[in-house]
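# Summary of the model geometry
Next come the chains, spelled out residue by residue.
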Amino acid sequence: MLPLSMASEGDKVMVARVSGAADTRKHLEDLGFVEGTQLSIVSAPGNGNVIVRLKDSRLAITSKMAEKVMVVMS
């Protein structure tokens, strides 16, 4: 298990856990980062943001937020 911020471009991962304060967890879950969700990494955090493909959408979150999302390779 590793933080989403450590994943590389092109990786396909599954959300294993979301940590952080209650409001942070709620915000990430509202965006779709819930346990069991499949993601693919579009852009790694080289520029400070992580861009992921989640279902039929692309989402960008800061690398700080991405540290709160724990993923496993799928």
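Rules behind the numbers
- Residues numbered from 1 in each chain as written.
- Predicted model: local features only at pLDDT ≥ 70, side-chain atom pairs only at ≥ 80, totals over all residues.
- Heavy atoms only, no water.
- Helix = DSSP H or I, 4+ residues; strand = E, 2+ residues; numbered from the N terminus.
- Rg over C-alpha atoms; globule rule 2.2 N^0.38 Å.
- Pairing = 2+ DSSP bridges.
- Contact = heavy atoms within 4.5 Å.
- Axes fitted to C-alpha atoms, helices over the stretch in contact; angles between N-to-C directions.
- Core = buried A, V, L, I, M, F, W, Y, C linked by side-chain atoms within 4.5 Å.
- Buried < 20%, exposed > 50% of the residue type's maximum accessible area, 1.4 Å probe, protein only.
- Salt bridge = Lys/Arg side-chain N within 4 Å of Asp/Glu carboxyl O.
- pLDDT = per-residue confidence, 0-100.

## Considerations on the overall build of the protein
Secondary structure assignment for the protein yields two helices and six strands. Reading the secondary structure of the protein in the N-to-C direction produces β-β-α-β-β-β-α-β. Taken over C-alpha atoms, the radius of gyration comes to 11 Å for the protein, in line with the 11 Å a tight globule of 74 residues would show. Seen through its C-alpha atoms, the protein measures out along the principal axes to roughly 30 × 25 × 25 Å.

## Some words on the sheet that holds strand 4 (residues 49-54)
Taken together, six strands build an open sheet; the order of strands is 1-6-2-3-4-5 and the sheet is antiparallel. Of all strands in the sheet, those bounded by a partner on one side alone are strand 1 (2-3) and strand 5 (57-62). Helix 1 (residues 22-31) contacts strand 2 (12-18), strand 4, strand 5 and strand 6 (69-73) of the sheet and is inclined by roughly 160° relative to strand 5.

## Section: the nonpolar core
Counting residues in each nonpolar core, the largest one holds 17 residues, and the members touching the most others are Leu-4, Phe-33, Leu-39, Val-52, Ile-61 and Val-69. Of all the secondary-structure elements, those providing two or more residues to this core are strand 2, strand 3 (38-43), strand 4, strand 5 and strand 6. When near neighbours in sequence (up to four residues on either side) are disregarded, Val-69 contacts Leu-2, Pro-3, Leu-4, Val-15, Arg-17, Leu-28 and Phe-33.

## Looking at the pattern of salt bridges
Inspection of every chain in the model, using the stated rule, returns one salt bridge. Residue Lys-26 is joined to Asp-30 by a salt bridge in which the shortest nitrogen-to-oxygen separation is 2.9 Å. Residue Lys-26 and its partner Asp-30 are located together in helix 1, separated by four residues, close to a single helical turn. Given the relative accessible area of 54%, Asp-30 is considered exposed.

## What about the confidence of the model for the protein?
When pLDDT is low, close inspection of the predicted coordinates is not appropriate. On average, the protein scores 93 in pLDDT, and the residues at 70 or more come to 99%. Here helix 2 (residues 63-66) is the element of the protein with the lowest mean pLDDT, 92, and strand 2 is the one with the highest, 97.

## Observations concerning the side chain of Ser-5
With respect to the helices and strands, Ser-5 occurs in the loop between strand 1 and strand 2. Taking the relative accessible area as the measure of exposure, Ser-5 reaches 13% and is therefore buried. Once residues lying within four places of it in the same chain are set aside, the contact partners of Ser-5 are Pro-45, Val-50, Ser-63, Ala-66 and Glu-67.

## Here's the deal with the environment of Val-18
Note on placement: Val-18 falls in strand 2. With 43 residues separating them in the primary sequence, Val-18 and Ile-61 have C-alpha atoms 14 Å apart. Those residues in contact with Val-18 that lie beyond four places of it in its chain are Arg-25, Leu-28, Phe-33 and Lys-68.

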